[in-house]
4 protein chains.
Amino acid sequence: MSNNEDAQAICTWWRTSIIDMEPGRIAFRGHPIEDLIGNVSFAQMIWLMTQGNLPSDAEAKLLECALVAGVDHGPQAPSIAAARMAATCGVGLNNVMATGVNMLGDVHGGAGEQCAELYLDIALRLDAGNAMEQAVREGIAAWRKIHGKIVSGFGHRFHKPVDPRAPRLMGLVRDAAVAGTVNGRFADIGEAVQAEIGAQRGTPIAMNIDGATAVIFCELGFPPPLSRGLFCLSRSVGILAHGWEQMQQGGRNKGPMPPKFLPLHEPMGELE
Amino acid sequence: MSNNEDAQAICTWWRTSIIDMEPGRIAFRGHPIEDLIGNVSFAQMIWLMTQGNLPSDAEAKLLECALVAGVDHGPQAPSIAAARMAATCGVGLNNVMATGVNMLGDVHGGAGEQCAELYLDIALRLDAGNAMEQAVREGIAAWRKIHGKIVSGFGHRFHKPVDPRAPRLMGLVRDAAVAGTVNGRFADIGEAVQAEIGAQRGTPIAMNIDGATAVIFCELGFPPPLSRGLFCLSRSVGILAHGWEQMQQGGRNKGPMPPKFLPLHEPMGELE
Amino acid sequence: MSNNEDAQAICTWWRTSIIDMEPGRIAFRGHPIEDLIGNVSFAQMIWLMTQGNLPSDAEAKLLECALVAGVDHGPQAPSIAAARMAATCGVGLNNVMATGVNMLGDVHGGAGEQCAELYLDIALRLDAGNAMEQAVREGIAAWRKIHGKIVSGFGHRFHKPVDPRAPRLMGLVRDAAVAGTVNGRFADIGEAVQAEIGAQRGTPIAMNIDGATAVIFCELGFPPPLSRGLFCLSRSVGILAHGWEQMQQGGRNKGPMPPKFLPLHEPMGELE
Amino acid sequence: MSNNEDAQAICTWWRTSIIDMEPGRIAFRGHPIEDLIGNVSFAQMIWLMTQGNLPSDAEAKLLECALVAGVDHGPQAPSIAAARMAATCGVGLNNVMATGVNMLGDVHGGAGEQCAELYLDIALRLDAGNAMEQAVREGIAAWRKIHGKIVSGFGHRFHKPVDPRAPRLMGLVRDAAVAGTVNGRFADIGEAVQAEIGAQRGTPIAMNIDGATAVIFCELGFPPPLSRGLFCLSRSVGILAHGWEQMQQGGRNKGPMPPKFLPLHEPMGELE
């Protein structure tokens, strides 16, 4: 490679701290790939790539709990349905997966990120000397000004009264706190948020999977956008499994409902 | 910009015949953008960008017929359903559109391209001196070896007996041939293919929209992959309209069916 | 189709005002498709699908100006570069197009929408009886509280001093106002915004293509999100043209720079 | 839920063996989610979702080696570059990830699948009683008729002479065969293919990561399309890491090269 200014400009344009390559050599965050293969778990590799350092086994195991929990919520989830439909349209499995992941937007895949933002804001309020109750109350109020009344991470329109994933995840966080793997602070915050929302509306509300995985991701030091990113990795597993199952089931141009049903036509004024 | 080798390498890496730009100047295929705006139709611009030259008004009008015909086939089409679902997931309208277009694969959006390949192969057989009947019979046979029995562009699982778009499009191609805008050769080929398939199966078959638009695109000199590309442009209009309508209807994480219906669970062995 | 409650629920779930279909019949907004093909331009069809009614020829021509203006900005635009790279990765032209359109997000494709929001807010302030100068000053201030200092639609990092598309588009809007096709109110607003920003920073600023197309879309009655949607349709043309050109150029797994250049590796701390 | 025919039709339309859900209950392949969380690794969960059963720890560890190996190949890979560009365009991290995954097509992400097809075809030839040398020679010849001369999984345009991931992976497969975790048959086949290609061209060729991961996926019983699907999962990690790093680096509408470089304009005839 020439050494002049233009070459430097172009190489710097694509600079990265993640990977260092030369012919015959690949290193991630300073670790040669051949030292990682066979020695770190997939979850540890995910951590290394996103956080830049290697986690302990115990930290990786807790991360793994969150990754396992979020893989799928069935074909009534729009991302899964769309992936299954794509699998019948004559595109590759990579396109099928992209179709599903692309739909994990603010509403479908962003709850964990939004919830992590709330937890971290409350943590800052605690750091500033506020008591938990006040920090939670003010944190929720500030969050609602931006995001609206429904606090992401709590309640579930389908799993009533309880999302079975959340208590299991919270139990594992508590175990990890006892073992010293994590601090437990965000578990406290999450439960305080749950209590406060329930108190305000006068009836208990359950933490859902997004509320519980956000606790884990915060405990493990992931910034909020990675709560969404890690969820996308996790849900990619379900998207792949469903896309592949659909390919085996067959079908061509699968629509959302059997062909005998036709969408109702409503003249324009009546719709809005 | 420096003139050395590295700069040249990088500029050449991204070389293009489509656009020529400098600060304050944009030209497409040699035409300054300010001369195109207000003077050419959107269809003419599409032609200029993809074919490299400007069509006559009559050619552009025929292209426009094909573009108008393909805009939408309703929410039972997987691309439209997926786009509408995406519109409720908290992503931008650009992501909604990409979700739909991404699904226009070999099965959902590739019929026009596959049909154009057949037409052009038959045209080559005619050029080589074969009679139409033989060229069509051999062309279909050769095509089926690659693509399977069902010839793309003929028959429709929903519009029986006739897809209303096809005869209208073919009528306009015939008018254009009479007017000297196009040659009419691919209209002949398309109709001969229709007759041959019908004869072989012993019952008439109707040309569908893909068979008719492929006739138009071939008459106008577009290579087969652009039959798919132009269809994607056309269908993007429907995808946009449906995504936007869904945004106005509202909803969060719209699944493929109302929430009260749950996917049937079938143990693994029974599925395959 | 059966007439019971479940069937109704599913048909209503996918209700639409855009398209009405039965075997052998397709109508858009009440117009049979065979009446539209050959009788309306592609731009008129776009309008019908998104707005629900058919525009006059003059209105359609003005819409067409905006659609023509935005088709492409060359391979240094990330959407175009990504589409060209995708074209060498072994995916279909539909996937290539989706890759590009997907990237037209808030920053890359949202300027027109954001600018239209500003214009419409100023129009409301005028309706409330404010003078133009005050409405513009207060509108800009309110807009900046949400979106930040840089007003979308004005200035261009590449086309200095003038984006050649903007004055041409504005001239055509003015012509259309004289002809009575549009009111001209948003042209006034756009120019007043331009003057106010220039005055505030003490040096003139040019309206760019997003500022000018937003004027057109507002004059023609499109709500702000459709400013983005229509831009996505327009830019899809360039994405298609570049993807197709790249397919003809060939290449496998085209990266952003020639292979002889390697991304600079920078240890983590130095990057952020 | 009502029990009639229409309801059944719609529920059956979305039938699946992967997940079974009721309010408060989620089971994957018969395992309640709360039993999986904390008890299975992410790799085991990936296996359960795609293959339908739970692997042993040793099998999961071998799968994990392949998943770790493929996470990233830096910004000169088009999928990574496109994801980084998308991250500056104002879209969500989910859209960034989809952009990258979408590009892992036949050329960029399909090598493992194509190579697995070759291995499995050779295995069938062995089952039919052919000797390894003949099975390999005939298998390669048959494969080339479909896919062309260059056999996917062998040789690397960048890592010369050796892709450091391949020998490490093959060593771990051999260890697993000694331990009885896998049979070792596909390791034999892979090495025989490598030897045959080298003999045919008269100079040794190295197995690359796709050739080695295909060995692992075949040893573990994954059908060929899942070789691509699992690679997409693996590479999603790198896409996420790079997208996130780019978000931290900042930038708006990052193009493929620094703005001072402009794409070379070449008149049309010269390009093709």
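Structure's up top.
A quick note: this is a predicted structure, and the numbers were derived from the prediction, not measured.

Each value, and the rule that gives it
- Residues numbered from 1 in each chain as written.
- Chains lettered and ligands numbered in written order.
- Predicted model: local features only at pLDDT ≥ 70, side-chain atom pairs only at ≥ 80, totals over all residues.
- Heavy atoms only, no water.
- Pairing = 2+ DSSP bridges.
- Helix = DSSP H or I, 4+ residues; strand = E, 2+ residues; numbered from the N terminus.
- Contact = heavy atoms within 4.5 Å.
- Salt bridge = Lys/Arg side-chain N within 4 Å of Asp/Glu carboxyl O.
- Polar contact = N/O pair within 3.5 Å; in protein donor to acceptor, adjacent residues only side chain to side chain.
- Least-squares fit on C-alpha atoms with pLDDT ≥ 70 in both.
- Buried area = accessible area lost by both parts, 1.4 Å probe.
- Nonpolar A, V, L, I, M, F, W, Y, C, P; charged D, E, K, R; others polar.

Enquirer: So what's going on with the sheet that holds strand β1 (residues 19–22) of chain A? Which residues, and what values?
Expert: Residue and element names in this part refer to chain A. Read across the sheet, three strands follow the order β1-β2-β3 without closing on themselves; strand pairing throughout is antiparallel. Each having just a single partner strand, β1 and β3 (31–32) make up the two edges of the open sheet. In terms of strand pairing, β1 meets strand β2 (residues 25–28) through four bridges, oriented antiparallel. In the sheet register, Met21 faces β2, and the bridge partner there is Ile26.

Enquirer: Give a detailed account of the interface of chain C and chain A, specifying residues and quantitative values.
Expert: If you look at the interface, chain C gives 32 residues, while chain A gives 32 residues. Across the contact surface, chain C and chain A share two salt bridges. Note that Arg15 of chain A and Glu266 of chain C form a salt bridge whose closest N and O atoms lie 3.4 Å from each other. One can count 13 residue pairs in polar contact (both at pLDDT 80 or more) joining chain C with chain A.

Enquirer: Which residues make up the relation of the copies chain A and chain D, and what values do they have?
Expert: For the pair chain A and chain D, the best superposition has an RMSD of 0.0 Å and corresponds to a rotation of 180° with a translation of 0.0 Å parallel to the axis. Overall, the copies show the geometry of a two-fold rotation axis. Using C-alpha coordinates, one finds that chain A approaches the rotation axis most closely at Ala98 of chain A, a distance of 2.2 Å. In this assembly, 100% of the residues forming the interface of chain A have copies in chain D that are likewise at the interface, indicating an isologous arrangement.

Enquirer: Go over the interface of chain A and chain D, please, and point to the residues and values.
Expert: Facing 92 residues of chain A, the contacting portion of chain D comprises 92 residues. Across the chain A to chain D interface the summed buried area is about 7600 Å²; carbon plus sulfur atoms make up 73%. The three residues of chain A that bury the most area against chain D are Trp13, Trp14 and Phe42 of chain A, which together make up 11% of that side's buried surface. Across the chain A-chain D interface, the total number found is two salt bridges. At the junction of chain A with chain D, the criterion picks out 30 residue pairs in polar contact (both at pLDDT 80 or more). In terms of residue class, the side of chain A that touches chain D is built from 53 nonpolar, 23 polar and 16 charged.

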